[in-house]
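# Per-entry structural report
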Amino acid sequence: MTGPTIRDVADEQSGEVRNEKLDPEAEARRQLALAQDPVLRMRAREVEDADADVGKLAERLSHLLKDANGLGLAATQIGVLRRVFAFLPDLEQEPVIVVNPSFTATSEERESDTEGCLSLQGVVIPVDRHVSLTLEGKDVQGNDVRLELEGLPARIAQHELDHLDGVLILDRTTPEARREALGLLRPQPILVR
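Reading the values: the criteria
- Residues numbered from 1 in each chain as written.
- Predicted model: local features only at pLDDT ≥ 70, side-chain atom pairs only at ≥ 80, totals over all residues.
- Heavy atoms only, no water.
- Helix = DSSP H or I, 4+ residues; strand = E, 2+ residues; numbered from the N terminus.
- Buried < 20%, exposed > 50% of the residue type's maximum accessible area, 1.4 Å probe, protein only.
- Contact = heavy atoms within 4.5 Å.
- Areas by Shrake-Rupley, 256 points an atom, 1.4 Å probe, with all protein chains shown as cover.
- Pairing = 2+ DSSP bridges.
- Axes fitted to C-alpha atoms, helices over the stretch in contact; angles between N-to-C directions.
- Arc of directions from axis to C-beta.
- Phe/Tyr/Trp six-rings, centres within 6.5 Å; stacked < 30°, edge-to-face > 60°.
- Core = buried A, V, L, I, M, F, W, Y, C linked by side-chain atoms within 4.5 Å.

It is worth spelling out the overall build of the protein chain at this point. Each helix and strand in the protein chain was counted, giving four helices and nine strands. In sequence order, the secondary structure elements of the protein chain are arranged as β-β-α-α-β-β-β-β-β-β-β-α-α. For the protein chain, with 193 residues in total, the buried portion stands at 41%. Considering only intrachain contacts with a sequence separation of at least 6, the fraction spanning at least 24 residues in the protein chain is 58%. For the protein chain, the accessible area works out to roughly 11,000 Å², and carbon and sulfur atoms hold 48% of it.

Structure below.
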């Protein structure tokens with residue numbers, strides 16, 4: 001048995017992140033709950049207007065993405081059904097927020113590589129993705145965004161757009177990798193002598 005796990009928890013009211021210690025059983029339950037969070041399986045709604053709520057959501061996504069040391073974070077991953085995600089197309093710069101994202105072009109060339117997910121902690125599985133694409137949408141102020149992405153940034157954008165459509169990496173991997181990942185996410189019984 002391992003020691004307690006520490007995870008970051010966002011306070012719903014203040015948006016501040018605090019550390020919380022979990023024992024192995026609680027951590028396993030958390031992972032399973034995240035994998036089965038119904039919001040993760042729902043398609044997010046289009047954003048009608050770039051308003052203050054979208055700005056607050058963008059700030060929260062950026063803050064949580066940095067704190068989690070992630071590469072991307074979709075609104076659905078924090079329980080918000082709006083078509084917004086934050087991602088790092090350049091690891092040296094601030095997160096880019098895309099509202100109502102879509103791909104207007106994708107390469108025919110595809111590549112399989114391993115991916116993890118902030119919502120499925122501990123799961124790293126192979127996923128096949130387009131090598132390059134054109135991402136379009138709006139920024140937080142409602143201005144047009146158009147990015148030509150390839151390699152890792154293209155993979156991250158596809159991963160986050162999948163989240164907005166209710167699709168997880170578990171849905172995009174091989175049956176063997178899915179079975180193994182689900183085994184990692186299931187709580188393990190604790191035997192007491």
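Having put the structure on the table, let's press on.
Let's shift gears to the sheet that holds strand β8 (residues 132-138). Judged by pairing direction, the sheet is antiparallel, and its five strands sit side by side in the order β3-β4-β5-β8-β9 without closing on themselves. Pairing within the sheet leaves two strands with one partner each, and these edge strands are β3 (72-74) and β9 (144-150). Strand-to-strand twist in this sheet, taken as the mean axis angle between neighbours without regard to direction, amounts to 40°. The pairing of strand β5 (residues 96-106) with β8 spans five bridges and is antiparallel. Of the residues in β8, the one forming a bridge with Val99 is Lys138. Here helix α2 (residues 52-67) sits on the sheet and contacts β3, β4 (84-87) and β5; the angle it forms with β4, its principal contact strand, is near 35°. Running at roughly 155° to β4, helix α3 (residues 152-164) makes contact with β3, β4, β5, β8 and β9 of the sheet.

What follows concerns the pairing of β4. Burial along β4 is two-sided: Val84 and Ala86 facing one way and Phe85 and Phe87 facing the other are all buried. Two strands pair when backbone bridges link them, and β3 and β4 are joined in this way by three bridges, in the antiparallel orientation. By the bridge assignment for β4, Gly72 is matched with Phe87.

Looking only at helix α4 (residues 175-185), the buried set comprises Ala177, Ala181 and Leu185. Along the axis of α4, the buried residues cluster in a sector spanning 75°; they form a single face. In this structure, α4 carries Arg179 and Glu180 as exposed residues pointing more than 90 degrees from its buried face.

Here we come to the packing of aromatic side chains. One pass over the structure, following the stated rule, counts one aromatic pair. When the centroid spacing of 5.4 Å and the interplanar angle of 80° are considered together, the rings of Phe85 and Phe87 count as edge-to-face. Accessibility expressed as a relative area gives 0% for Phe85, which makes it buried.

Attention now goes to the nonpolar core. Membership of the largest hydrophobic core comes to 16 residues, with the highest contact counts inside it found for Leu57, Leu61, Leu73, Ile78, Val84, Ile97 and Val99. For this core, the secondary structure elements donating two or more residues are α2, β4 and β5. Among the elements that make up this core, the one with the highest residue count is α2 (six residues). By size, the runner-up hydrophobic cluster in this structure holds 13 residues, among which are Ala44, Phe87, Val98 and Leu149.

In short, the description is geometric, and any link to function would need to be established separately.
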